[in-house]
Amino acid sequence: MFLDWVAQLKLLQHEPETNIINGFPLVVQRVMVTQVVQSLLDQSLSPATVLPTGAHVKWVMECVGQGFRLPVNSDHAIITQCIDLYFKWIQGERRPAWIANNLEAFVLAVAKHMSLLFENRSKGKEEIASHASLCQKVLTVFVAISKLKLSTETFEIVIKLLVGMTDSVFQSMDEGSLGRCLAERILQVLYEVWLRSLTTNDNMWNVLRKLHENWLNFPETISQWSSTIISLTHTLIDRLYKNKPNAALQMTAPIPTGANIDMPDEHAHYAWQRIFHIIVNVNLITQPNIFVTALAGIKLCCQTFSDIQGANLPDGNTVLNLFGECLFEAAIRNRPGFESGTALAIENLCFIFNRWHPSEFSNKYVACFIRSLQVALQTDPGLVMTSCLVHSQGFFIYELMGFRSLIPFYMRAVEIILAQAPSAIQTSSVPADVLRRSCLHVVASVMSLPSRFAAIQFPFESSRGDPNLGPILAYSDLEVHIGQILLTALNNETHATNIQYILQIAQAFVSEFLPPASPPPTFSITQPQSSQQCAAIFMWSFLYLMEQKISTPGWNPDVMSAGIRVVTDLSGLYTNIEKNEEFALRLVCNLCDLVKDKLSKYQPGAKDDERLISDCYRCILHWLMVPDQWVYRHLNCLSTVLETAHAGITQKAGAKKPEKDKKELLSDSDSAVLFKDAALSTLLFLNNHLGSYPTAAGAERVSSIITEEMLLPKDGKAPTSQFVRLFGLEEGLLLCIVDVPSLMEGGLTSTCIVRDRTGKYVWQSRLQYLPYSEQGQHAVRVPDDPNLHALASHPFKSDWFDTSMLTDEGMQDLYAFLSSEDNNTIIRMVHDTVNSQTQYLAGAAFGLDIDVKLLPPVCHFDGTNPASSVAWTHFGHFTSTTRFVAQPLELSSNLWAAIKQFDQQPERETMQIGVVFVEANQRHEDEIFANTGGSNEFNMFVRSLGWEINLASHTGFLGGLDRKQTTGTWAPYYANFESEVIFHVATIIPNLQHKKRLINRDLVLVVWAEDIDFDAQNMSNQFKIIINPLPSGVFRVKTVWPQGTTGIAHSEEVILSKNSLGAIIRAKSMHAHRLVHVSKPFQLRQRFVSDIVRRYKLDMPMSGFYGSLTRQQKHCIGVPPTTTTSPLATNISSSNLLSSLTPLSPPCMSPTLPALTSPTMGPVQPPSPTHIGPPAAVLPPPLSIPPPAVVVSPGRTLPISVHPSTASIPPPSAQVAIPPPSTAPPPTQAPQPPLAAHSRHPSTGHPMGIPAPRVLPQPGAAGSASGAALPPPRSPVQAVKPTPQPGGDKRSEGWLSMRKRTEK
């Protein structure tokens, strides 16, 4: 007595001796079943007493079994009691003794009886629900039966009953039917009982497989099949690869059961094969949603294999041997209407080929995979193409054999996707921005291939895409398509991350293909003739599109800043842009307008606007500092830039906040320093470096390397401090005036050393009386010759008188006059004329002595009255109104130490970047730092990062490296007018401890990893740029940013060639460094100067201040440091340095500083080999008016020449003679008294700025002209006794009164 459907399937045959009471009326059947069942369930009745024999038990079971045929709607309670009775007896609760001895016969009878309940005899929703609940209870009893220890034959009969019951259920699978309610659960029970049975009966497995062909198009079948396969897969992996030999099978299903099935290893393997192949071919499924379910199950199985860790892992071929056939067929067939399943098959294949190394796959699988992708890329935009682009975007780095043949198909698909607006892309599988980012990743992966493979042909070409761009037949054809794709994508894209990714790719594309020289003369925008022209056209179009995007609203601040940074970096390629001056002018003007607009709307605390304005200032500055200095030809633009910078410096908040927000307003005002500093930096850079960078010292220096110690005499005859005056000026400026004795031969000369926030600058100033055009002529100065007057009394030929006029024709009148008069008459006439002129002159002489003697120019210098005082007078600082512009500083050893420390502060932003080489299979830091050399490609890359500088002679930023060569002998270094960067390369640093100390504290780390799957997470640096060399000679570059970093495109990849690798990595690392660390060298130096002035300024009266300028400073207790600032300067004389570095040197003079050199590359020119461009053009000196000068020539009038430092000026009547040179030694300086004890600052204890009094001669002594105390003469020239004037010598009296006031 069992379900008739089982017999129809020929699984079992009915037994005639059963089904005894089936012929009785329904009422009789109901009464008999009810009475029997209720009696047996009664706790007061003992089954052992009532049912002592097997015949009794069989008769009772006939009654109970008949109960499963009763109507479900009316006899639900009776059927429930029948189920409960059987379940208790199976569990061993109060069951008759015969059942215990004949358990398998009892189990078979129960299974057969319960199968009767699965006959579809219910109608109506409520009745079906009631019927389904009873069937669910029966299935629970079947699970309990499977846990009993039964023979294989008994299990097989039970399985046959379950198979028939399941097939009966699937006969009616309408919505709301009994089959729909039971299908999922009955399949789960069937699989569980089957696996517990451990049966290996081929006939049984074949029956199950054949029936699954009928159940194939039901989602419950595929769902249960997938979950069973996954459970078996986990069990096998645990036993084979995870060292868990006794791992039980844990059934997972849509309805969790928590079933654990124990089975031997052999049967586990056998069961997996049998269950997996129950579904002959998932591609035979005719329902799309069921097809997706089947492929989803296969995907989970593949992921289970991919999670295996350790050795002896299954390779990719093993996985494809199991799942590849159905996946390849699904992808290649690409059946209409089954796009979701096909897309899932593509995703599974990409997952397998991505998880296992491509070299592990056999050629047949690789060919099938490439064919699958080709079919997917040629479909219409939809799920299949989307799945292919999203999941295969990273395969270019693996260089799978034959994979590049798909590049034309990829480019055509990318063109179709990116040509659409993001809102027009209709896809349900992934968001539009994810799909577009995948397309950009494809572009970034193939961008560098044309420069590597040039004219190599593709095996076939895709017919889809933009027909206006032409076919893609060779790698060289890709450039036009890539450029057009990037421009179209940039114009259409709205997602912030994608826009930044486009900008990153565009910058790399330009760096990859733009030639290092200007475009050829035949350059044409409309008809490109070469790849170089193609890149130049793209550069032009890209920059103009960027200029429009930046100038108009639409992008968020992060994207705007990223775009401005890219445009800033591209300024290094200025010479490669056609109409570059026109574009630069337009860009700078638009950026100025943008800055002014943002400033007018600025609100305190708007961080995005602050960063954007700062980036605009930096971009403006870079486009002004390009090599040809175009801004000097557009002074209106320069004025606009200066106005914009001034607006940023003087910016105030646009709106006033309420009084309650006063504290918040104060904090916001501090935040505005960001763009104010940028505006101030723009002004300072323009003033200091526009037209003068790189300097004569090279790109590594923006400051003069001259120090005070270099300029002072080395003989030690005079105190060093008497030649130096040091002042602190307003606006944070230190001015040191040094009187250089060795430079005084040509006149009074002072050297000014100016230190401010931007650097240190040395100027040489000389008092000049003659025009620059007559320098070097002998007539400039009167020779100091004792026979001068004797020579002048004899006739001479003037060098300016034209002797050609002395001809007979020109002298006829003179000859006629002389011949008409006698000699006496002529002599008398001459005497009369001389007498009359003498009388006239005597009357109008005003005390002039006719015996005037010429004085030669005074050029003697001994330091007692410094030339700097003359310059200070001419600068207008000898007045009471300008007195406090400069604060004299105490020349102590502490001050010089502070100045030396200040000179070591960087004038530009400084960066230090770590570079490490990681060999294959290296993972730990100690292994990485132990590498002492890298591959040839790595060494070439290191040399492309910057110039190779010799650490022993380098005068620029060192970043912790040692000039004593304990950290190596050389390093890559790069600099421009605003930044310096040095690279800590682990392979060239000899000591392991130095490597860890330097590189572990670098904020940015460049990792050259030979393994493509190297994980840099264990490195402590914040930013990592990972470079993986690929077998084809290109390089994968991936940036790993810290979590929460804004304003960047996270972890995007590009593939570059060696043409652009160094430049792009350098730009990336510098940008990353700026994101994590904002360098403010100007502000730091400004605070340093202010601190020096505050600590060492001298509070002295005006008389003491003037006295310190004109007399030797005996209060000085310190001297400049005796060590030079750099080893490069040790072999350079001070005069040589002055001639080469002083801004007053003529432009035609060649610099004398040695060129920057490296041990391997030889001389290194100051500009960068890639982006810094040629040196800035030397501009003509500005038009200036020279000071009054007189050229002395024989026969010309010479005014009286008096040394500016002479104490008294001769009156007009004085006679000045030029005596022979004196043989007496120069007058000696009077001994100086020590510094008075009371000349100390009352609070600091520092010496006061009061010069010690000088011992002067008494009135009336020799050398005094008017009785006043005069300083000793400063020249061997002896002055003629002057005529006393009323009031005496006011200047001498002034100095004397000043001295007296100072002594008080």
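It should be emphasised that the depicted structure is a prediction, and the values quoted were computed from it without experimental measurement.

Glancing now at the overall build of the protein chain. Helix and strand counts for the protein chain come out as 44 helices and 17 strands. The buried share of the protein chain, reckoned over its 1304 residues, is 51%. Restricting to contacts in the protein chain with at least 6 residues of sequence separation, those with at least 24 account for 73%.

With that settled, consider the sheet that holds strand β6 (residues 759-766). With antiparallel pairing, 5 strands are arranged side by side in an open sheet as β6-β5-β4-β3-β7. Only two strands of the sheet have a single partner each, and these edge strands are β6 and β7 (886-888). Pairs of neighbouring strands in the sheet enclose a mean axial angle of 25 degrees, with direction left out of account. With respect to the sheet, helix α36 (residues 893-903) is in contact with β3 (724-729), β4 (733-739), β5 (749-756) and β6, its orientation differing from that of β5 by roughly 65 degrees. Its contacts with the sheet put helix α41 (residues 1081-1096) on β3, β4, β5, β6 and β7, and the angle it makes with β4 is roughly 65 degrees.

To continue, consider the nonpolar core. If you look at the biggest cluster of nonpolar residues, it comprises 292 residues, and the most contacted ones within it are F542, W623 and F941. With residues near it in sequence (within four places) discarded, F542 still touches L487, L490, L503, A506, V566 and L570. Grouped together as the second largest cluster of nonpolar side chains are 25 residues, V724, L734, V738 and I753 included.

A separate point is the environment of R725. Its location among the elements puts R725 in strand β3. In this structure R725 comes out as buried when scored by relative accessible area, which is 2%. Separated by 164 residues in sequence, R725 and L889 place their C-alpha atoms 8.2 Å apart.

Neither face of strand β15 (residues 1053-1056) is left uncovered, since the one carrying E1053 and I1055 and the one carrying V1054 and L1056 both have all their residues buried. Of the pairings in the sheet, the one linking strand β14 (residues 1035-1040) to β15 comprises 4 bridges and is antiparallel in character. Looking at the pairing, V1037 lines up with V1054 of β15.

What follows covers the packing of helix α5 (residues 76-91) against helix α7 (residues 103-115). Two numbers describe how α5 lies on α7: the axes approach to 11 Å, and their chain directions differ by 155 degrees. With respect to α7, the axis of α5 lies roughly antiparallel. Relative to α7, α5 is oriented so that their crossing is left-handed. In this structure, α5 uses I83, Y86, W89 and I90 to contact α7, whose residues at the interface are F106, V110, H113 and M114. Among the residues making up the contact of α5 with α7, the classes are represented as 7 nonpolar, 1 polar and no charged.

Before going further, it helps to examine helix α23 (residues 496-513). An α-helical turn contains 3.6 residues, so any two residues separated by three or four positions project in the same direction. Look at α23: 26 Å from first C-alpha to last across 18 residues, which is about the 26 Å you get at 1.5 Å a residue. Across the 18 residues that make up α23, a large majority, 16, are buried.

In this section: the packing of aromatic side chains. In this structure the tally under the stated criterion is 40 aromatic pairs. Judged by centre distance (6.2 Å) and plane angle (45 degrees), the ring pair of W947 and Y973 falls under tilted. Linking W947 in strand β9 (residues 947-950) with Y973 in strand β10 (residues 970-975), this pair joins segments that are 26 residues apart in sequence. Owing to a relative accessible area of 3%, W947 belongs among the buried residues under this scheme. Taken together, the ring pairs in this structure connect F353, F361, F369, F395, F396, Y398, F403 and Y410 into an aromatic cluster. For the cation-ring pair, R335 lies above F291, with the distance from its terminal atom to the ring centre recorded as 4.9 Å. Geometry around F902 places R1085 over its ring, the cationic atom sitting 4.2 Å from the centre.

So, on to the packing of helix α2 (residues 26-41) against α5. The relative placement of two packed helices is expressed as an angle between their axes plus a distance between the axes. Running from N to C, α2 and α5 point in directions that differ by 40 degrees, and their axes come no closer than 10 Å. Taken together, α2 and α5 sit at an angle that is classed as oblique. Between α2 and α5 lies a crossing of left-handed hand. Along its contact with α2, which presents R30, V33, T34, V37, Q38, L40 and L41, the element α5 presents I78, Q81, C82, L85, K88 and W89. Across the contact of α2 with α5, the residue classes tally to 8 nonpolar, 3 polar and 2 charged.

Moving on: α7. For α7, built from 13 residues, the straight-helix expectation of 18 Å at 1.5 Å per residue is met to within 8% by its first-to-last C-alpha distance of 18 Å. Counting buried positions over the 13 residues of α7 gives 10, a clear majority of the element. Residues F106, V107, L108, A109, V110, A111, K112, H113, M114 and S115 constitute the buried set of α7. Packed against the buried residues of α7 are α4 (54-66), α5, α6 (97-101), α8 (125-146) and α9 (152-169).

In spatial order, the strands read β9-β10-β11-β8-β12-β13-β14-β15; together these 8 strands make up an open sheet with mixed pairing. At either margin of the open sheet sits one strand with a lone partner, and together these are β9 and β15. Looking at each pair of strands side by side, their axes are set apart by 25 degrees on average, direction ignored.

With that settled, the discussion passes to the pairing of β6. If a strand is regular, its side chains alternate between the two faces of the sheet. One ladder, built from 8 bridges, connects β5 with β6; its direction is antiparallel. Across the sheet, residue V754 finds its bridge partner in β6, namely Y761.

So, on to the side chain of E980. Here E980 lies in strand β11 (residues 979-985). For E980, a relative accessible area of 3% corresponds to the buried category. Side-chain polar atoms of E980 contact the backbone nitrogen of F957, separated by 3.0 Å. Those residues in contact with E980 that lie beyond four places of it in its chain are E700, R908, E909, T910, M911, G956, F957, Y973, Y974 and A975.

All right, on to the side chain of E1053 then. Relative to the helices and strands, E1053 resides in strand β15. Looking at E1053, its side chain comes within polar contact range of the side chain of R1036, at 2.9 Å. Non-local contacts of E1053, meaning those with residues more than four positions away in its chain, are made with I397, H441, A444, Y501, R1036, V1037 and K1038.

On the surface, F817, L818 and M829 cluster together into a nonpolar patch covering about 260 Å² of accessible area. On the accessibility criterion, M829 (40% relative accessible area) is partly exposed.

Summing up the model confidence of the protein chain, the mean pLDDT is 75 and the portion of residues at 70 or higher is 73%. Predicted confidence is poor over residues 774-801, with pLDDT under 50, and the contacts of this stretch with residues over four places away or in other chains come to 37 contacts. Counting interchain partners and residues more than four positions distant, the pLDDT-below-50 stretch residues 1122-1304 has 301 contacts.

Procedures and definitions
- Residues numbered from 1 in each chain as written.
- Predicted model: local features only at pLDDT ≥ 70, side-chain atom pairs only at ≥ 80, totals over all residues.
- Heavy atoms only, no water.
- Helix = DSSP H or I, 4+ residues; strand = E, 2+ residues; numbered from the N terminus.
- Buried < 20%, exposed > 50% of the residue type's maximum accessible area, 1.4 Å probe, protein only.
- Contact = heavy atoms within 4.5 Å.
- Pairing = 2+ DSSP bridges.
- Axes fitted to C-alpha atoms, helices over the stretch in contact; angles between N-to-C directions.
- Core = buried A, V, L, I, M, F, W, Y, C linked by side-chain atoms within 4.5 Å.
- Parallel < 35°, antiparallel > 145°, perpendicular 65-115°, else oblique.
- Left-handed = near helix turned anticlockwise from the far one by under 90°.
- Nonpolar A, V, L, I, M, F, W, Y, C, P; charged D, E, K, R; others polar.
- Expected span 1.5 Å × (residues − 1).
- Phe/Tyr/Trp six-rings, centres within 6.5 Å; stacked < 30°, edge-to-face > 60°.
- Lys NZ or Arg CZ within 6 Å of the ring centre and 35° of its normal.
- Polar contact = N/O pair within 3.5 Å; in protein donor to acceptor, adjacent residues only side chain to side chain.
- Patch = residues over 30% accessible without salt bridge, like charges linked within 9 Å, V, L, I, M, F, W, Y side chains within 5 Å.
- Areas by Shrake-Rupley, 256 points an atom, 1.4 Å probe, with all protein chains shown as cover.
- Salt bridge = Lys/Arg side-chain N within 4 Å of Asp/Glu carboxyl O.
- pLDDT = per-residue confidence, 0-100.

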